[in-house]
2 protein chains.
Amino acid sequence: MRTIKLDEITKVLENIDPIATIEAGFVAYSEGKAVVPPVGELIFDNPPGDVHIKYGCLVGDDYYVVKIASGFYDNPQLNLPTSNGLNLLFNQKSGELLSILLDEGYLTDLRTALAGAIAAKYLAPTKIRQIGIVGTGIQARLQLNWLKKVTDCREVTVWGRSEEKLGLYKRDMIAKGFSVETTLNTEEVADKCNLIVTTTPASTPLLKSTDIRPGTHITAVGSDTPNKQELDAAILHRADLVVADSIAQCLERGECVHARKDELTAGKNLVELGRVIAGSAKGRTSDEQITVADLTGVAVQDIQISKAVYEACRPEVSKMSN
Amino acid sequence: MRTIKLDEITKVLENIDPIATIEAGFVAYSEGKAVVPPVGELIFDNPPGDVHIKYGCLVGDDYYVVKIASGFYDNPQLNLPTSNGLNLLFNQKSGELLSILLDEGYLTDLRTALAGAIAAKYLAPTKIRQIGIVGTGIQARLQLNWLKKVTDCREVTVWGRSEEKLGLYKRDMIAKGFSVETTLNTEEVADKCNLIVTTTPASTPLLKSTDIRPGTHITAVGSDTPNKQELDAAILHRADLVVADSIAQCLERGECVHARKDELTAGKNLVELGRVIAGSAKGRTSDEQITVADLTGVAVQDIQISKAVYEACRPEVSKMSN
């Protein structure tokens, strides 16, 4: 059994094409080649925190993976990171524990950011005027940074509730090569940006349908529980296309929960990301469309990233464990 | 974060009263003081294996626990143990991973055996004539050995499908101070024994109602999925009392699944083990009654045993991790 720590994980990630890895996972999932049971969940009130257990495997693969990730929203007051977690990789033929990836939540953050980049790759309008980021946390940083792989746009407007956090975000993302404006008003993001990523644990909508301009793509990654919501449900109804990482899961948690299900599914504008990637469903078909990606995080992402890290680590880890 | 390996776990268990620990867990569970979501599950066909994720916490406690345990039934052909697993202990206030208990499935085996001893303590008839064990595996050994804590009876009849395995079982349990007869016929177990423990992953009943004599207590620990079944459902209907470790869980998996639910629940002879332990529900009230304990394994057992091991290890582990 190999324990792989965060520093080793970040090192071997340099040798992996993580976007391709995650895309393959979404395709397998949408083709029914992944076993992904419903998410296990613990929700705490005091202090507020949620724990998600995502697990499963590709059918007939060598592995199954169990990922445990948490968000404890008062942690910054204790000088602890909000998100935390680990991935466990097992042998699908014997149940043996092969590896503990002590990624401290990083692989969850990463695979979430990768899904955002993939959504933008397939759904953003041809010309991205400005990127809008809603939120100033880790995911707000990672999402923007990974968008570099799929767009040349480096103009950003970021929304946050705190001037201080906006200032830190601006400083950090300028260092990453972006030009960043800050705002306390989400309308400004909706007005200026035609690729928007929402990254907060909000439980009341931050973006209103009336503010969204035609030709906008919105990726919502913040909501992963039934009670979190970043987008006014009217946005989903108005959208020409709603793409879910998992339709089944998004109808239970995420943004789709808050929309009228019948309308979403009957209108046939709700499709799965893996089908768009595989080309078996259409993505955006004109630059005037409004598209939404509802990303709640599917275990197949955890499976794929864990496998990739484990396999990339094997030679090095073998040496180290001697 | 402290990784605790099996040898350390078995060592510190000597300083713990594990029966009291598990009893307290069952009581908390039945009093609604535990959060125990439905079991997560992966089932594999080729080779046959099942993985259970049991997780939860006591309300307001310092910890939450996630336990991953597997049974891969062809593993002995690969010279690997059938069962495997680990327990993870987290800080309920921050999500921090506090400890990985690399118990290789031992704590699951142990807490299952402890539940069997507890069931016998509260439900077995006053005078135990002979102990019947159905099965010859690890659980068949552990159950019998832990019964020493709750009965003086050392006379045993064991059933198995293989003479070879019966021989090994007999040898091992004689070494533990028992007098052991073997049989290939479960009727013989039912005839001679008034405390019977079934420990197999059978999917067709091994014990028939017509063979069970009045004054028998049966503890069924083998079934933890909807399709496994060791007892003829007629035994549950005939029993004066059916005690479930978790009524909710036993109606989804275990022996109760195969009985007529309405009849079980309406007859009010289905009660929860924690209530019997706490004295808020009656256990056996006469030596002529037939009683059944359906034990499917509840996360509260994993929580309790993991907490106890972690807390008992703390000083030693601190030293070792320097």
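These figures come from a predicted structure and were not determined experimentally. (Residues numbered from 1 in each chain as written. Chains lettered and ligands numbered in written order. Predicted model: local features only at pLDDT ≥ 70, side-chain atom pairs only at ≥ 80, totals over all residues. Heavy atoms only, no water.)

1. A closer look at the sheet that holds strand E15 (residues 291-294) of chain A
Residue and element names in this part refer to chain A. Here is the rule we go by: Any two strands between which DSSP finds at least two bridges are classified as paired. Working definition: helices are DSSP H or I runs of at least four residues, strands are E runs of at least two. Numbering for both runs from the N terminus. Every axis in this analysis is a line fitted to C-alpha atoms, fitted for helices over the stretch in contact. Angles between the N-to-C directions lie between 0 and 180 degrees. Here, residues are in contact when the closest pair of their heavy atoms is within 4.5 Å.
Overall, parallel pairing links the eight strands, which are arranged E10-E9-E8-E11-E12-E15-E13-E14 in an open sheet. This sheet does not close on itself; its edge strands, each paired only once, are strand E10 (179-183) and strand E14 (270-272). Taking each pair of neighbouring strands and ignoring which way they run, the sheet shows an average axis angle of 20°. With three bridges joining them, strand E13 (residues 241-244) and E14 adopt parallel strand pairing. If you follow Val 242 over to E14, its bridge partner there is Leu 270. Strands in contact with helix H3 (residues 106-123) are strand E11 (195-198), strand E12 (217-220), E13 and E15; relative to E12, the strand with the most contacts, it is inclined by about 160°. Contacts between helix H4 (residues 138-147) and the sheet are confined to strand E8 (131-134), strand E9 (155-159) and E11, with E8 contributing the most and set at about 160° to the helix.

2. Structural notes on the relation of the copies chain B and chain A
Both copies of the chain are related by one operation, a rotation about an axis with a shift along it. Definition in use: Least-squares fitting of one copy onto the other uses the C-alpha atoms of those residues that reach a pLDDT of at least 70 in both copies.
Structural alignment of chain B on chain A gives an RMSD of 0.0 Å, achieved by rotating through 180° and translating 0.0 Å along the axis. Here the copies are linked by what is in effect a two-fold axis. It is Gly 40 of chain B whose C-alpha, among those of chain B, lies nearest the rotation axis, at 3.4 Å. Interface overlap between copies: 100% of the residues of chain B at the interface are likewise at the interface in chain A, consistent with a symmetric, same-surface contact.

3. Quick word on the environment of Gln 301 of chain A
Residues and elements named next belong to chain A. Keep this limit in mind: Here's how the labels work: a residue is buried when its accessible area is under 20% of the maximum for its type, exposed when over 50%, partly exposed in between, all with a 1.4 Å probe on protein chains only.
On the secondary structure map, Gln 301 appears in helix H11 (residues 299-321). On the basis of relative accessible area, Gln 301 is assigned to the buried category, the value being 1%. For the pair formed by Gln 301 and Pro 18, sequence separation is 283 residues and the distance between their alpha carbons is 10 Å. Once residues within four sequence positions are removed from consideration, Gln 301 is found in contact with Ile 22, Phe 26, Arg 111, Thr 112, Ala 115 and Asp 245.

4. Things to note about the interface of chain B and chain A
Put simply, the test is: We define buried area as the total accessible area lost by two parts upon association, computed with a 1.4 Å probe and summed across both. Salt bridge, as used here, is a side-chain nitrogen of Lys or Arg placed within 4 Å of a carboxyl oxygen of Asp or Glu. For the purposes of these results, a polar contact is taken to be a pair of N or O atoms within 3.5 Å, where, inside protein, one atom must be able to donate a hydrogen and its partner to accept one; residues adjacent in sequence count only when each atom of the pair is a side-chain atom.
Between chain B and chain A, the residue contacts involve 34 residues of the former and 34 residues of the latter. Regarding the contact of chain B and chain A, the summed buried area is about 2600 Å², with carbon and sulfur atoms giving 76% of it. Broken down residue by residue, the surface that chain B buries against chain A is led by Leu 42, Tyr 55 and Tyr 64 of chain B, which jointly contribute 18%. Our count for the chain B to chain A interface comes out at zero salt bridges. Run the count over chain B and chain A and you get four residue pairs in polar contact (both at pLDDT 80 or more).

5. Structural notes on the environment of Phe 90 of chain B
Mapping Phe 90 of chain B onto the fold places it in strand E6 (residues 83-91). A relative accessible area of 2% means that Phe 90 of chain B is categorised as buried. Residues Phe 90 of chain B and Ala 115 of chain B, 25 residues apart in the sequence, show an inter-C-alpha distance of 24 Å. Not counting residues within four places of it along the chain, the set of residues in contact with Phe 90 of chain B comprises Ile 68 and Leu 86 of chain A together with Asp 62, Tyr 63, Tyr 64, Val 66, Gly 95, Glu 96, Leu 97 and Leu 98 of chain B.

6. Describing the domain arrangement of chain A
All names here are of chain A. The criterion, for reference: The start and end points of each domain follow an automatic or database-based domain assignment. Asp, Glu, Lys and Arg are counted as charged, while Ala, Val, Leu, Ile, Met, Phe, Trp, Tyr, Cys and Pro are counted as nonpolar; the rest, among them Gly, fall into the polar class.
Once the domains are mapped, chain A shows domain 1 (2-107 + 300-321) and domain 2 (124-298). Here the C-alpha centre of domain 2 lies 24 Å away from the C-alpha centre of domain 1. With 19 residues of domain 1 at the contact, the number on the domain 2 side is 21 residues. Counting the surface domain 1 buries against domain 2, the share from its top three residues, Phe 26, Tyr 29 and Ser 30, is 27%. For the interface between domain 1 and domain 2, the tally reads two salt bridges. For Glu 41, the salt bridge goes to Arg 253, with nearest N and O atoms at 2.7 Å. The interface formed by domain 1 and domain 2 includes twelve residue pairs in polar contact (both at pLDDT 80 or more). Mapped by element, the contributors of at least two residues to the side of domain 1 that touches domain 2 are helix H2 (18-30), strand E3 (40-45), strand E4 (48-58) and H11. Looking at the side of domain 1 that touches domain 2, the element that brings in the most residues is H2, giving seven residues. In terms of residue class, the side of domain 1 that touches domain 2 is made up of ten nonpolar, four polar and five charged.

7. As for the confidence of the model for chain A
Any residue range with low pLDDT should be treated as having predicted coordinates unsuitable for detailed reading. All names here are of chain A. To be explicit about the condition: Per-residue confidence from the predictor is reported as pLDDT, which spans 0 to 100.
Model confidence for chain A is summarised by a mean pLDDT of 94, while 98% of its residues fall at 70 or above. Every residue in residues 317-322 scores below 50 in pLDDT, and together they form five contacts with partners more than four places removed in sequence or on other chains. Here the prediction assigns the complex a pTM of 0.89, and the interface score ipTM is 0.88.

8. A word on the sheet that holds strand E15 (residues 291-294) of chain B
Residue and element names in this part refer to chain B. Sheet architecture is open: eight strands sit in the order E10-E9-E8-E11-E12-E15-E13-E14, paired in parallel fashion. This sheet does not close on itself; its edge strands, each paired only once, are strand E10 (179-183) and strand E14 (270-272). Pairs of neighbouring strands in the sheet enclose a mean axial angle of 20°, with direction left out of account. Sheet strands touched by helix H4 (residues 138-147): strand E8 (131-134), strand E9 (155-159) and strand E11 (195-198). Its angle to E8, the strand with the most contacts, is close to 160°.

9. Observations concerning the pairing of E6 of chain B
Residue and element names in this part refer to chain B. Within E6, nine of the nine residues are buried, which leaves the element mostly enclosed by the surrounding structure. With burial as the criterion, each face of E6 is covered, one bearing Ser 83, Gly 85, Asn 87, Leu 89 and Asn 91 and the other bearing Asn 84, Leu 86, Leu 88 and Phe 90. In the sheet, E6 pairs with strand E7 (residues 97-102) via four bridges, with the strands oriented antiparallel. Directly across from Asn 87, in E7, lies its bridge partner Leu 101. Linkage of E6 to E7, two consecutive antiparallel strands, is achieved through a turn of five residues, within which Gly 95 is found at a positive phi near 80°.

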